[in-house]
Amino acid sequence: TDPSLIRNFCIIAHIDHGKSTLADRMLQLTGVVQPREMKDQYLDRMDIERERGITIKSQAVRMPWEFEGESFAFHMIDTPGHVDFSYEVSRSLDACEGAVLLVDAAQGIEAQTLANLYLAMEHDLVIIPVLNKIDLPAAEPDKYAEEIAHLIGGDPDDVLRVSGKTGAGVEELLDRLVVEVPAPTGDADAPARAMIFDSVYDTYRGVVTFVRVVDGHLSRREQIRMMSTDATHSLLEIGVSQPEPQATEGLGVGEVGYLITGVKDVRQSKVGDTVTARDRPAAERIGGYQEPRPMVFSGLFPIDGSEFPVLREALEKLQLNDAALSFEPETSAALGFGFRVGFLGLLHLEITRQRLEAEYDLDLISTAPNVIYHVTTEDGELHEVTNPSEFPDGKPTEIREPIVDATVIVPAEYVGPVMELCQSRRGTMQGMDYLSEERVELRYTLPLAEIVFDFFDQLKSRTKGYASLNWQGTGDQAADLVKVDILLQGDKVDAFSAITHRDHAYSYGVKMAKRLKDLIPRQQFEVPVQAAVGSRIIARETIRAIRKDVLSKCYGGDISRKRKLLEKQKEGKKRMKTVGTVDVPQEAFIAALSSD
Ligand code: GDP
Ligand code: MG
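This is a predicted model, so every value here is computed, not measured.

Asker: Now, about the overall build of the protein: what can you tell me, with residues and values included?
Answerer: Of the regular secondary structure elements, the protein holds 14 helices and 34 strands. Taking 596 residues into account, the globule formula puts the C-alpha radius of gyration at 25 Å, and the protein, at 27 Å, falls close to it. Looking at the protein as a whole, 52% of its 596 residues qualify as buried. In the protein, once contacts between residues fewer than 6 apart in sequence are set aside, the share between residues at least 24 apart is 68%. Counting only carbon and sulfur atoms, one obtains 48% of the accessible surface of the protein, whose full area is about 27300 Å².

This is the structure in structure tokens:
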């Protein structure tokens, strides 16, 4: 296809603002999906099917469009919506020249809209502002058109008004994409260069790689080379998604499509890498390739120790489709054999854990997530700490922790509570802007460690659910951090050690000591539960020595509760862990790690 007839764009939107529904209307209007095949959230459904291994993900859909007598080709490129995947987002944006900024006409701009908008602007994309859901009675298009115009400049009248539900305004949007989004440019005669913006594992076809051709041409059956590793593969299939995969003879300048090479592991076909031709290779990669870098680490342990091999196999399988997942074996006195797993962020952790539990039928316990600290010791050595157990003994000369730039959007009446929360999490305010009279954008720098745990939940509960949050890693800062150990009868319980700010060490110590005291059954002897920073004890509780009858604890309580307690005790006996001289049912550790 002649590059002057190609338009590459993405849709950026906050969750639920109607991206999938608008995509449905576009598929229908351009005729690539027949009315009788149309189902709501068509592309989302394809993703679900892909997970079952039936078809391949439609990361980039090609759609024809007639405009003023000429036949254009759109490539609509999907972008992951969450900050955990910001590197993938930035690669997807690189594959586009334009972005539809889609905003719910009853909600206005939200944090995710804003974060993606800023990214799109950094990538020099032409922004087409669109208000969606104008069919809703609660829609206030005039008000939010003002808000958008205020944000990106321009006239409120230039903000297009559409309904993904009824289809109103969608044809006009497609016409505007042709007129306003620039055609891709590249050197058709140069050696081939294509940028990988997504790579997915398919049960039947192996790895399917999505690329945007920048220069030259990739042809069917050619030998290709991955420029980051110099590995060569033969191109078994090349094509475009319409949205079903459609094999073609090749892809030229500006075209977006997929490659299949028969590799079985997405790490051989990395997002951000450049594909070239083996026989006439390009001299230089397309800029900006980064290895995926985990930000958050957590220990994952099977509750049933015999499932350790199943967990290993499951993690290896997930890694085929997730280049950002890293893991290594870890042993814990309290939790047994498991893995230290690196994630891009908390959502990535949750998704992974859910998939392990749902798809591999594993029951897992995870330790508190840990960010990466850089600790310099007195001998001048620099330690990278992803696990409290790696925290060096002795007094460090410097500890650095990762920080993020966070954006919160809230109705004006909640500004106070949000500022309080950010301050209590060691945040530094960077700025505050009114998007309109009622809505405020707050910008903070915060330590990553302070937002990966329950920050978003706290934010939601303090703002009755109205706040939206987005954040992005920006570097690191020196911080006064300490390692808090929890000791049972003088022995460290490894799974409970934590790295915290010095000011929070005491409250963490008190909380964990109390929790363990309540969860660990009495022993034949008195057991002290202590929290310590180095050799200094900062909190102490005591589990008193056993009395004859465990049921005395629920004196006067009802009988079913007593029975439950007895059953629990029986179960607990089955899986006791010994820490030093203390017998602890594994359930106690699990409960202590999961409650908050
Ligand atoms: P996404 O998360 O941005 O992909 O949003 P979806 O396309 O899944 O839409 C979220 C919800 O909004 C769904 O319940 C849709 O049916 C609804 N929705 C999307 N577009 C419109 C619209 O134009 N009008 C109305 N009334 N509802 C819409
Ligand atoms: Mg969607």
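Asker: Lay out the nonpolar core in plain terms, naming residues and giving numbers.
Answerer: Leu356, Tyr373, Val408, Val410, Leu442, Phe455 and Leu459 are the most contacted members of the largest nonpolar core, which has 47 residues in total. Setting aside residues no more than four positions away along its own chain, leucine 442 makes contact with Ala406, Thr407, Val408, Val410, Val415, Val418, Met419, Met429, Gly431 and Met432. Counting residues in each nonpolar core, the second largest holds 37 residues, with Ile12, Leu93, Leu125 and Val200 among its members.

Asker: Can you tell me about the UniProt feature "binding site: GTP" (unreviewed entry) in the protein, naming the residues and giving the values?
Answerer: The residues that UniProt annotates with the feature "binding site: GTP" (unreviewed entry) are Asp16, His17, Gly18, Lys19, Ser20, Thr21, Asn132, Lys133, Ile134 and Asp135. Mapped onto the elements, aspartate 16 comes out in the loop between β1 (6-13) and α1 (19-29). In contact with aspartate 16, not counting residues within four places along its chain, are Asp104 and Lys133. Once residues lying within four places of it in the same chain are set aside, the contact partners of glycine 18 are Leu102, Asn132 and Lys133.

Asker: Break down the site of ligand 1 for me, with residues and values.
Answerer: In the vicinity of ligand 1 there are 16 residues, among which Asp16, Lys19, Ser20, Thr21 and Asp135 approach most closely. A total of 570 Å² of accessible area belongs to ligand 1 in isolation, and the protein chains cover 74% of it. At three residues, the largest contribution of residues to the shell around ligand 1 is made by α1. The residue makeup of the shell around ligand 1, split by class, is two nonpolar, nine polar and five charged.

Asker: Describe helix α12 (residues 502-519), with residues and values.
Answerer: Here α12 spans 26 Å end to end across 18 residues, near enough to the 26 Å set by a 1.5 Å rise per residue. Of the positions making up α12, those classed as buried are Ala505, Tyr508, Gly509, Met512, Ala513, Arg515 and Leu516. For α12, the arc enclosing every buried residue in end-on projection is 165°, short of the 170-degree limit, so these residues lie on one face. Residues of α12 that are exposed and angled more than 90 degrees away from the buried face: Asp503, Tyr506 and Asp518.

Asker: Outline the pattern of salt bridges, supporting the account with residue identities and numerical values.
Answerer: Going through the model one piece at a time under the given rule, you end up with 29 salt bridges. The closest approach of N and O atoms between aspartate 279 and arginine 278, which form a salt bridge, is 3.1 Å. Relative accessible area serves as the criterion here: at 64%, aspartate 279 is assigned to the exposed category. Here arginine 502 and aspartate 480 are joined by a salt bridge, their closest N and O atoms 3.0 Å apart. A residue pair is termed long-range when its members are at least 10 positions apart, and arginine 502 in helix α12 and aspartate 480 in the loop between β27 (468-478) and β28 (481-488) qualify at 22 residues. Arginine 502 sits in the partly exposed class, given a relative accessible area of 42%. On the basis of relative accessibility, which here comes to 37%, the residue aspartate 480 falls in the partly exposed class.

Asker: I'd like a rundown of the state of the cysteines, residues and numbers included.
Answerer: Using the criterion set out here, one finds zero disulfides in the structure. No disulfide involves cysteine 10; its sulfur sits 3.9 Å from the nearest other cysteine sulfur, which is in cysteine 96. Overall, cysteine 10 belongs to the buried group, its relative accessible area being 0%.

Asker: Summarise a negative patch on the surface; cite the residues concerned and give the values.
Answerer: On the surface, Glu146, Asp155, Asp157 and Asp158 cluster together into a patch of negative charge. Relative to the helices and strands, aspartate 155 resides in the loop between α5 (141-152) and β6 (160-161). Residue class for aspartate 155 comes out partly exposed when judged on its relative accessible area of 38%.

Asker: Run through a positive patch on the surface, naming residues and quoting values.
Answerer: A cluster of basic residues, Lys514, Lys517, Arg522 and Arg544, forms a positive patch on the protein surface. Mapped onto the fold, arginine 544 is located in the loop between β32 (536-543) and α13 (559-574).

Asker: Could you give an account of the environment of leucine 362, with specific residues and numbers?
Answerer: Among the secondary structure elements, leucine 362 is positioned in the loop between α8 (346-360) and β20 (364-366). On the basis of relative accessible area, leucine 362 is assigned to the buried category, the value being 1%. For leucine 362 and phenylalanine 301, which are 61 residues apart along the polypeptide, the C-alpha to C-alpha distance reads 9.7 Å. Aside from chain neighbours lying at most four places away, what touches leucine 362 is Glu307, Val310, Leu311, Ala314, Leu356 and Glu357.

Asker: Give me the lowdown on the confidence of the model for the protein, citing residues and values where you can.
Answerer: For residues with low pLDDT, the predicted coordinates do not support detailed interpretation. Confidence in the prediction of the protein, expressed as mean pLDDT, is 88, and 91% of residues score 70 or more. In the predicted complex, the global pTM is 0.76; the interface-specific ipTM is 0.99.

Asker: I'd like to hear about the packing of aromatic side chains, residue by residue, with values.
Answerer: Within this structure, the stated rule accounts for seven aromatic pairs. For the pair phenylalanine 67 and phenylalanine 72, a centre-to-centre distance of 6.5 Å together with 65° between the ring planes defines the contact as edge-to-face. Exposure remark for phenylalanine 67: the relative accessible area of 17% places this residue in the buried category. With relative accessibility at 9%, the residue phenylalanine 72 sits in the buried group. Ring pairing ties together the aromatic residues Phe308, Phe327, Phe337 and Phe339, which thus form one cluster.

Asker: Could you give an account of unusual backbone geometry, with specific residues and numbers?
Answerer: Along the chain, glutamine 242 connects to proline 243 via a cis peptide bond; the corresponding omega equals -20°. Along the chain, proline 243 falls in the loop between β12 (237-241) and β13 (245-247). Of note, the phi angle at aspartate 361 is positive, near 55°, even though the residue is not glycine. Note that aspartate 361 resides in the loop between α8 and β20.

Asker: Go over a nonpolar patch on the surface with me, naming the residues and quoting the values.
Answerer: Together, Met429, Met432 and Tyr434 make up a nonpolar patch on the protein surface, roughly 270 Å² of accessible area in all. Along the polypeptide, methionine 429 turns up in strand β25 (residues 428-434).

Asker: Which residues make up the packing of α1 against helix α6 (residues 170-180), and what values do they have?
Answerer: Two numbers describe how α1 lies on α6: the axes approach to 10 Å, and their chain directions differ by 80°. For the element pair α1 / α6, the angle class is roughly perpendicular. Side by side, α1 and α6 meet where Leu22, Arg25, Met26 and Leu29 of the first sit next to Val170, Glu171, Leu173, Leu174 and Leu177 of the second. Grouping the amino acids of the contact of α1 with α6 by side-chain chemistry returns seven nonpolar, no polar and two charged.

Reading guide: rules and limits
- Residues numbered from 1 in each chain as written.
- Chains lettered and ligands numbered in written order.
- Predicted model: local features only at pLDDT ≥ 70, side-chain atom pairs only at ≥ 80, totals over all residues.
- Heavy atoms only, no water.
- Helix = DSSP H or I, 4+ residues; strand = E, 2+ residues; numbered from the N terminus.
- Rg over C-alpha atoms; globule rule 2.2 N^0.38 Å.
- Buried < 20%, exposed > 50% of the residue type's maximum accessible area, 1.4 Å probe, protein only.
- Contact = heavy atoms within 4.5 Å.
- Areas by Shrake-Rupley, 256 points an atom, 1.4 Å probe, with all protein chains shown as cover.
- Core = buried A, V, L, I, M, F, W, Y, C linked by side-chain atoms within 4.5 Å.
- UniProt positions renumbered as here; feature names shortened; annotations may be inferred.
- Near = heavy atom within 4 Å.
- Nonpolar A, V, L, I, M, F, W, Y, C, P; charged D, E, K, R; others polar.
- Expected span 1.5 Å × (residues − 1).
- Arc of directions from axis to C-beta.
- Salt bridge = Lys/Arg side-chain N within 4 Å of Asp/Glu carboxyl O.
- Disulfide = S-S within 2.5 Å.
- Patch = residues over 30% accessible without salt bridge, like charges linked within 9 Å, V, L, I, M, F, W, Y side chains within 5 Å.
- Lys, Arg positive; Asp, Glu negative; His and termini not counted.
- Charge placed at Lys NZ, Arg CZ, Asp CG, Glu CD.
- pLDDT = per-residue confidence, 0-100.
- Phe/Tyr/Trp six-rings, centres within 6.5 Å; stacked < 30°, edge-to-face > 60°.
- Axes fitted to C-alpha atoms, helices over the stretch in contact; angles between N-to-C directions.
- Parallel < 35°, antiparallel > 145°, perpendicular 65-115°, else oblique.

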